[in-house]
Amino acid sequence: DATLGAAAAGGRRRHALLYSTLDGAIGCLAQVEEAAFRRLYFLSTKMVATMQHAAGLNPRGFRAQGSGATAEGELSQVIDGALLRRFVSLGSAAQERLARQIGTSPQQLLANLSEAEVASALL
(Lines give C-alpha, C1' and ligand atoms only; values in the text may rest on other atoms or scores of the structure.)
Protein backbone atom coordinates (compact mmCIF):
# COMPACT_ATOMS: atom_id res chain seq x y z
CA ASP A 1 0.00 0.00 0.00
CA ALA A 2 1.72 3.18 -1.15
CA THR A 3 0.51 6.65 -0.18
CA LEU A 4 0.61 9.23 -2.93
CA GLY A 5 1.68 12.79 -2.23
CA ALA A 6 -1.01 15.30 -1.34
CA ALA A 7 -0.12 17.55 -4.28
CA ALA A 8 -0.88 14.80 -6.81
CA ALA A 9 -4.22 14.11 -5.19
CA GLY A 10 -5.55 17.65 -5.21
CA GLY A 11 -4.73 18.26 -1.55
CA ARG A 12 -5.97 14.86 -0.31
CA ARG A 13 -3.95 11.77 0.42
CA ARG A 14 -4.76 8.78 -1.75
CA HIS A 15 -3.71 5.18 -1.61
CA ALA A 16 -2.78 2.76 -4.35
CA LEU A 17 -1.94 -0.90 -4.33
CA LEU A 18 1.07 -2.06 -6.32
CA TYR A 19 1.13 -5.82 -6.86
CA SER A 20 2.93 -8.54 -8.75
CA THR A 21 1.74 -11.89 -10.00
CA LEU A 22 3.33 -15.32 -10.13
CA ASP A 23 3.84 -15.00 -13.89
CA GLY A 24 5.90 -11.82 -13.48
CA ALA A 25 3.28 -9.18 -14.26
CA ILE A 26 3.10 -5.97 -12.23
CA GLY A 27 -0.11 -4.05 -11.70
CA CYS A 28 -1.50 -1.10 -9.82
CA LEU A 29 -4.92 -0.46 -8.31
CA ALA A 30 -5.61 3.21 -7.63
CA GLN A 31 -8.75 5.01 -6.59
CA VAL A 32 -10.46 7.65 -8.71
CA GLU A 33 -13.36 9.98 -7.97
CA GLU A 34 -16.81 8.41 -8.35
CA ALA A 35 -17.93 10.66 -11.23
CA ALA A 36 -14.70 9.94 -13.12
CA PHE A 37 -15.06 6.22 -12.40
CA ARG A 38 -18.58 6.18 -13.86
CA ARG A 39 -17.50 7.98 -17.02
CA LEU A 40 -14.46 5.74 -17.50
CA TYR A 41 -16.46 2.59 -16.73
CA PHE A 42 -19.10 3.52 -19.32
CA LEU A 43 -16.34 4.34 -21.80
CA SER A 44 -14.65 0.98 -21.24
CA THR A 45 -17.99 -0.80 -21.70
CA LYS A 46 -18.52 0.98 -25.04
CA MET A 47 -14.96 0.29 -26.12
CA VAL A 48 -15.28 -3.43 -25.31
CA ALA A 49 -18.47 -3.59 -27.36
CA THR A 50 -17.38 -1.54 -30.39
CA MET A 51 -13.63 -1.95 -30.89
CA GLN A 52 -11.68 -4.85 -32.32
CA HIS A 53 -9.52 -6.65 -29.78
CA ALA A 54 -6.30 -8.63 -30.08
CA ALA A 55 -7.02 -12.23 -31.09
CA GLY A 56 -10.72 -11.55 -30.66
CA LEU A 57 -10.39 -11.68 -26.86
CA ASN A 58 -12.81 -9.66 -24.78
CA PRO A 59 -10.47 -7.65 -22.48
CA ARG A 60 -12.78 -7.86 -19.49
CA GLY A 61 -13.31 -11.59 -19.86
CA PHE A 62 -9.64 -12.20 -20.57
CA ARG A 63 -8.54 -10.44 -17.38
CA ALA A 64 -11.27 -12.17 -15.35
CA GLN A 65 -9.86 -15.60 -16.16
CA GLY A 66 -7.71 -16.74 -13.30
CA SER A 67 -8.45 -13.64 -11.21
CA GLY A 68 -10.52 -15.52 -8.67
CA ALA A 69 -13.54 -13.30 -9.32
CA THR A 70 -16.69 -15.34 -8.85
CA ALA A 71 -19.29 -12.79 -9.92
CA GLU A 72 -19.65 -10.03 -12.51
CA GLY A 73 -20.15 -7.56 -9.65
CA GLU A 74 -16.60 -8.13 -8.46
CA LEU A 75 -15.24 -7.23 -11.89
CA SER A 76 -17.43 -4.15 -12.35
CA GLN A 77 -15.57 -2.23 -9.65
CA VAL A 78 -12.28 -2.19 -11.58
CA ILE A 79 -11.65 -0.37 -14.85
CA ASP A 80 -9.02 -1.55 -17.32
CA GLY A 81 -6.39 1.16 -17.76
CA ALA A 82 -4.75 -0.60 -20.71
CA LEU A 83 -8.05 -0.61 -22.59
CA LEU A 84 -8.81 3.01 -21.71
CA ARG A 85 -5.37 4.16 -22.89
CA ARG A 86 -6.44 3.12 -26.39
CA PHE A 87 -8.97 6.00 -26.32
CA VAL A 88 -6.12 8.51 -26.53
CA SER A 89 -4.84 6.99 -29.78
CA LEU A 90 -8.24 7.08 -31.48
CA GLY A 91 -9.00 9.75 -34.05
CA SER A 92 -11.02 12.78 -32.98
CA ALA A 93 -14.16 11.53 -34.79
CA ALA A 94 -14.04 8.18 -32.96
CA GLN A 95 -13.39 9.91 -29.62
CA GLU A 96 -16.34 12.24 -30.24
CA ARG A 97 -18.62 9.32 -31.17
CA LEU A 98 -17.74 7.31 -28.07
CA ALA A 99 -18.04 10.36 -25.80
CA ARG A 100 -21.44 11.24 -27.27
CA GLN A 101 -22.67 7.68 -26.67
CA ILE A 102 -22.03 8.03 -22.95
CA GLY A 103 -23.21 11.64 -22.69
CA THR A 104 -19.96 13.54 -22.20
CA SER A 105 -17.18 15.21 -24.17
CA PRO A 106 -13.82 13.84 -25.31
CA GLN A 107 -12.11 16.61 -23.33
CA GLN A 108 -13.80 15.45 -20.11
CA LEU A 109 -12.82 11.85 -20.77
CA LEU A 110 -9.22 12.83 -21.51
CA ALA A 111 -9.13 14.85 -18.26
CA ASN A 112 -10.47 11.83 -16.34
CA LEU A 113 -7.88 9.58 -17.97
CA SER A 114 -5.17 12.04 -16.98
CA GLU A 115 -6.41 12.02 -13.38
CA ALA A 116 -6.34 8.22 -13.35
CA GLU A 117 -2.78 8.22 -14.72
CA VAL A 118 -1.66 10.63 -11.99
CA ALA A 119 -3.37 8.48 -9.33
CA SER A 120 -1.51 5.39 -10.52
CA ALA A 121 1.88 7.07 -11.03
CA LEU A 122 3.82 5.43 -8.21
CA LEU A 123 7.20 4.95 -9.79
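Residues numbered from 1 in each chain as written. Predicted model: local features only at pLDDT ≥ 70, side-chain atom pairs only at ≥ 80, totals over all residues. Heavy atoms only, no water.

Engineer: Would you explain helix α4 (residues 81-89) in this entry?
Structural biologist: Counting along an α-helix, one turn takes 3.6 residues, and residues three or four places apart therefore face a common direction. Residues of α4 that are buried: Leu-83, Leu-84 and Phe-87. Down the axis of α4, the smallest arc covering the buried residues is 95°, so these residues share one side. Among the residues of α4, the N-terminal cap falls to Asp-80, whose side-chain oxygen and the backbone nitrogen of Ala-82 are separated by 3.1 Å. (Buried < 20%, exposed > 50% of the residue type's maximum accessible area, 1.4 Å probe, protein only. Helix = DSSP H or I, 4+ residues; strand = E, 2+ residues; numbered from the N terminus. Arc of directions from axis to C-beta. Polar contact = N/O pair within 3.5 Å; in protein donor to acceptor, adjacent residues only side chain to side chain.)

Engineer: Can you walk me through the pattern of salt bridges in this structure?
Structural biologist: One side chain can pair with another of opposite charge once the charged atoms of both are near each other. In total, this model carries two salt bridges according to the counting rule given. For Glu-34, the salt bridge goes to Arg-38, with nearest N and O atoms at 2.6 Å. Residue Glu-34 and its partner Arg-38 are located together in helix α1 (residues 34-50), separated by four residues, close to a single helical turn. Judged by its relative accessible area of 47%, Arg-38 is partly exposed. Among the ionic pairs, Glu-117 bridges to Arg-85, the shortest N-O distance being 2.7 Å. Taken together, the positions of Glu-117 in helix α6 (residues 106-119) and Arg-85 in helix α4 put the pair 32 residues apart, joining distant regions of the chain. Residue class for Glu-117 comes out partly exposed when judged on its relative accessible area of 38%. (Salt bridge = Lys/Arg side-chain N within 4 Å of Asp/Glu carboxyl O.)

Engineer: What is the right way to look at a nonpolar patch on the surface in this model?
Structural biologist: A contiguous nonpolar surface patch, about 330 Å² in accessible area, is contributed by Leu-17, Tyr-19, Leu-29 and Val-78. The residue Leu-29 is located in strand β3 (residues 26-30) in this model. (Patch = residues over 30% accessible without salt bridge, like charges linked within 9 Å, V, L, I, M, F, W, Y side chains within 5 Å. Areas by Shrake-Rupley, 256 points an atom, 1.4 Å probe, with all protein chains shown as cover.)

Engineer: Sorry if this is basic, but what is going on with the pairing of β3 here?
Structural biologist: Sheet faces and side chains relate simply in a regular strand, where the side chains alternate between the two faces. Two strands pair when backbone bridges link them, and strand β2 (residues 14-20) and β3 are joined in this way by five bridges, in the antiparallel orientation. Across the sheet, the residue bridging to Leu-18 is Cys-28, located in β3. (Pairing = 2+ DSSP bridges.)

Engineer: Which parts of the structure should I look at to understand the side chain of Gln-95?
Structural biologist: As for its position among the elements, Gln-95 is in helix α5 (residues 92-101). Engagement of the side chain of Gln-95 in a polar contact is seen with the backbone oxygen of Val-88, the distance being 3.4 Å. Apart from the residues within four sequence positions on either side, Gln-95 is in contact with Phe-87, Val-88, Leu-90, Pro-106 and Leu-110. (Contact = heavy atoms within 4.5 Å.)

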